[in-house]
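Next come the chains, spelled out residue by residue.
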Amino acid sequence: MWRLRRAAVACEVCHSLVKRSSGMRGGLPLQKVHLLSRSIYHSHHPTLKLQRPQFRTSFQQFSSLSNLPLRKLKLSPIKYGYQPRRNFWPARLAARLLKLRYLILGSAVGGGYTAKKTFDQWKDMIPDLSDYKWIVPDFVWEIDEYIDLEKIRKTLPNSEDLAKLAPDFEKIVESLSLLKDFFTTGHKLVSEVIGASGLLLLLGSSGETAFRATDRGSEGDKHYRKVSDKEKIDQLQEELLHTQLKYQRILERLEKENKELRKLVLQKDDKGIHHRKLKKSLIDMYSEVLDVLSDYDASYNTQDHLPRVVVVGDQSAGKTSVLEMIAQARIFPRGSGEMMTRSPVKVTLSEGPHHVALFKDSSREFDLTKEEDLAALRHEIELRMRKNVKEGCTVSPETISLNVKGPGLQRMVLVDLPGVISTVTSGMAPDTKETIFSISKAYMQNPNAIILCIQDGSVDAERSIVTDLVSQMDPHGRRTIFVLTKVDLAEKNVASPSRIQQIIEGKLFPMKALGYFAVVTGKGNSSESIEAIREYEEEFFQNSKLLKTSMLKAHQVTTRNLSLAVSDCFWKMVRESVEQQADSFKATRFNLETEWKNNYPRLRELDRNELFEKAKNEILDEVISLSQVTPKHWEEILQQSLWERVSTHVIENIYLPAAQTMNSGTFNTTVDIKLKQWTDKQLPNKAVEVAWETLQDEFSRFMTEPKGKEHDDIFDKLKEAVKEESIKRHKWNDFAEDSLRVIQHNALEDRSISDKQQWDAAIYFMEEALQARLKDTENAIENMVGPDWKKRWLYWKNRTQEQCVHNETKNELEKMLKCNEEHPAYLASDEITTVRKNLESRGVEVDPSLIKDTWHQVYRRHFLKTALNHCNLCRRGFYYYQRHFVDSELECNDVVLFWRIQRMLAITANTLRQQLTNTEVRRLEKNVKEVLEDFAEDSEKKVKLLTGKRVQLAEDLKKVREIQEKLDAFIEALHQEK
């Protein structure tokens, strides 16, 4: 019976050892076991304590599951009763045990070697994933935010249930103690068996000392676990940052290699090796659509809901710096505390082999890798902004369109708006604040616009103005991305770091956002390069407490992550809305075409530029027609116009004073003196003025003359503006007056009349001049004295009291002239008194000045009638003229005077005609071409001069067609890319 019992005990020990050696590889190792006492009858068996091991695999540090709290396994103590010792056959049992030992050792060694070999093979088959840790998404590290691990832990069995599944280690210890009694070398044997089986069982004679050491080790393990969890989190965050930086460096290296390869390809294309037509990129096509829309309606009255990234922020919040980091170049003008962004700047970012920038309306490329080109670009942007700002304003709603291409740039369209201000300072227009708000609202009210809200992290959040504006335009935050700049200054200056976290999470603002980001835009030095700023940003976030303390997530920092997020959001918005916008423009086009057919069925749909070209051709044709005017027509017009200008001076200041002289010698002397003075001072200038006015009149006649059925009154305002501007720019040749003075002086000095025909022409010219002057005088007297008796009876007209006085005075003066027909031109004082007393005797009160005025007109009429009678007498006086009026009472010196005037007019007209046809008409034609070229470049001028419903309808129709075509091409390219 005792043999069976001993054999059962031995089999139980062996069975337990074999089971542990083959089935405990994945189990929990035994770390603390109570030693057996020297007496097998010892009644105290302390509780076994097990600890969960810490797995040190390469994948553990990247799993958030490693943060689960560990619980100790508690096994309930098992007590054994008294077992008597019995004798057995030593030889048989020794043989069995020796056989069993070799079997166990062989199995353990063979199994361990096989397991190790299999594990090495599997390990060699697994690829090295150390460089691809970045592939693990960010949400894995945040899995504890989405999965309730505490709830999972509670559903797992507790330590007591697990302890029931574990083997009975106390029974194993008891069995091994029995073997120790039978074999003096049992202690060594059991140690070897346990070591081969993977059980770290420490047996020794000093049990209590080993027990104490094990207890201290357990306490140290507890402390180590507490410390290692915190260090593990820090290690994970640091390694995550290093991984992101490593990923960015890999991308930069690949981009650099791509850039070099593209350069080689382009160089081969330049040499003619590859001839291919490069297609426009999607972002370039989309940018062209936005440019056409901007030209179509700058006030955003149309339903333009195409997405843009609108960059808004307070002044000096770092908007420009963020854009430059995204564009990877310092492209914007900078100023210390001064408003630099004075008009919206639309920046189209696209990927390309070379880092260049160019304006929409210019072919010049600025190399952004060269400092001189960067300075020139900033200067050009500043000039364009100042040009857009009208006089008396500070900002302008006109958009500057700029394309930036380069390797690694995210494709998107950004609009940089002027910074929002709270106070208007000196030097600004009073409405600057309201204008900036209206411009910002015009861009942000687009339901598909992505709002990039920039907030300065180095100042108090309560001082922000733009957040209220953004919350009004996007109250739900569905298209707003919040960016906190200058985080390095915020971390240094803010006393409570949790305040930065509240800003990032949007808890300090009334606004909501789609995403929150924190960036660093350099150390505040405007001369810093983009590379230096990027390195400083990476270094800062690598060592930042905000990231280590989990206030910020890894994907929420750096400008590169920001640009990736904005680009993804932008293209998502584009794909969702572009087809709907294309359909709306198709409907608009159909409505405009229907309206045109109903209102202008027989006219072509000419927009403003096409109409301007048509008007330009007509104006140039009319200028050419001006050069085809005949010389005779020019001379007739010039001579007539010049005489109308100088006739009053000739009769009043030359002829009348000379005619008052007593003899012919005095008459000729007076005429010569006055003609000389007139020629030196006034006549050449008057002649040039007459010629210039004649040219203007002829030019205006050609410009405004109706062309019959082909005449289009829509060009009238444009032609009038071109005429006025051309005349304003035209100046007569400065040497014309000098040459005219000499010619006119020589013509007036010549008194020789060669034949009777010239004599008769002079008399005819004199009679016409005197009759015209007499007619004017008669009209003046009639206005002075009122209607005569015939008009009073026939037309029922009456004289006024003043006219009655003038009439009585006229009658009295005419009586005086009848008594003395040779009366001089002026009244003497006694004659004035006599006339006044005669009138008073008839009850008419007059003033001496009234008598003089009436006498002037009465004497002029008397003189002109006398002169006309003298002309009739001089018709037969050519014979006496040839004899110099010797032995003749007839003196016709006044005929000679008018012949001299007539000849001067003819010579002057001929000279002016030559100047017109040879020089001035060509110069005027040149001025007209220059004016037309200037108007062609001035869109505002064309809009002002070519107006009307017809023009606006054609303009809208053309723009809508262009927008629709570009949208269709963009949508087709977008589908092909998918």
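Per chain, residues are indexed from 1 in the order of the written sequence. Only residues with pLDDT of at least 70 get local features here, since the model is predicted, and only at 80 or more are side-chain atom pairs given and counted; chain-wide, interface and lining totals rely on the full set of residues. Side-chain metrics rest on all non-hydrogen atoms present in the structure, leaving aside hydrogens and water.

## Points about the state of the cysteines
Definition in use: In this description, the term disulfide denotes a pair of cysteine sulfurs within 2.5 Å. By definition, any uninterrupted DSSP run of H or I lasting at least four residues is a helix, any uninterrupted run of E lasting at least two residues is a strand, and each is numbered from the N terminus. Burial classes: relative accessible area under 20% of the type maximum marks a residue as buried, over 50% as exposed, and values in between as partly exposed (1.4 Å probe, protein chains only).
Within the structure shown, the criterion is met by one disulfide. Between the sulfur of Cys 874 and that of Cys 892 lies a disulfide, 2.1 Å long from S to S. Taking the torsion about the sulfur-sulfur bond, which here is approximately -100°, the covalent link between Cys 874 and Cys 892 counts as left-handed. Separated by 18 residues along the polypeptide, Cys 874 in helix 30 (residues 848–874) and Cys 892 in the loop between helix 31 (878–882) and helix 32 (893–937) bring together distant segments of the chain. For the pair shown, Cys 874 and Cys 892 are each scored as buried.

## Brief notes about the environment of Thr 866
Checked against the element boundaries, Thr 866 lands in helix 30. Residue Thr 866 is classed as partly exposed on the basis of its relative accessible area of 43%. Measuring from C-alpha to C-alpha, the distance between Thr 866 and Glu 821 comes to 9.3 Å, with 45 residues separating the pair along the chain.

## As for the pattern of salt bridges
As a reminder, the rule being used: Criterion for a salt bridge: a side-chain nitrogen of Lys or Arg within 4 Å of a carboxyl oxygen of Asp or Glu.
This model, assessed by the stated rule, comprises 41 salt bridges. Here Glu 531 and Arg 534 are joined by a salt bridge, their closest N and O atoms 3.7 Å apart. A residue pair is termed a helical-turn pair when its members lie 3 or 4 positions apart in one helix, as Glu 531 and Arg 534 do in helix 17 (residues 530–543) at three residues. Ionic pairing is found between Lys 719 and Glu 618, a salt bridge with its closest N-O pair at 3.1 Å. Of the two residues, Lys 719 is situated in helix 24 (residues 716–729) and Glu 618 in helix 20 (residues 608–626); the sequence distance between them amounts to 101 residues. For Lys 719, a relative accessible area of 4% gives the class buried. Residue class for Glu 618 comes out partly exposed when judged on its relative accessible area of 23%. Shared partners join several salt bridges into a network, and the residues in it are Arg 589, Glu 593, Glu 605 and Arg 961.

## A short note on the sheet that holds strand 8 (residues 412–416)
Worth spelling out the cut-off: Following DSSP output, two strands are said to pair if at least two bridges run between them. It only takes one pair of heavy atoms within 4.5 Å for two residues to be counted as in contact. Helix axes are fitted to C-alpha atoms over the stretch in contact, other axes to C-alpha atoms as well, and angles between N-to-C directions run from 0 to 180 degrees.
Ordered by their spatial adjacency, nine strands build an open sheet running 6-5-7-4-8-3-9-10-11, and the pairing between neighbours is mixed. Two strands lie at the open edges of the sheet, namely strand 6 (366–367) and strand 11 (515–518), each paired on one side alone. Pairing of strand 9 (residues 450–456) with strand 10 (residues 480–485), which is carried by six bridges, proceeds in the parallel orientation. Note that in strand 10 the partner of Ile 454 across the bridge is Val 483. The sheet contacts of helix 12 (residues 371–388) involve strand 4 (345–351), strand 5 (356–359), strand 6 and strand 7 (400–406), and relative to strand 7 the element is tilted by about 160°.

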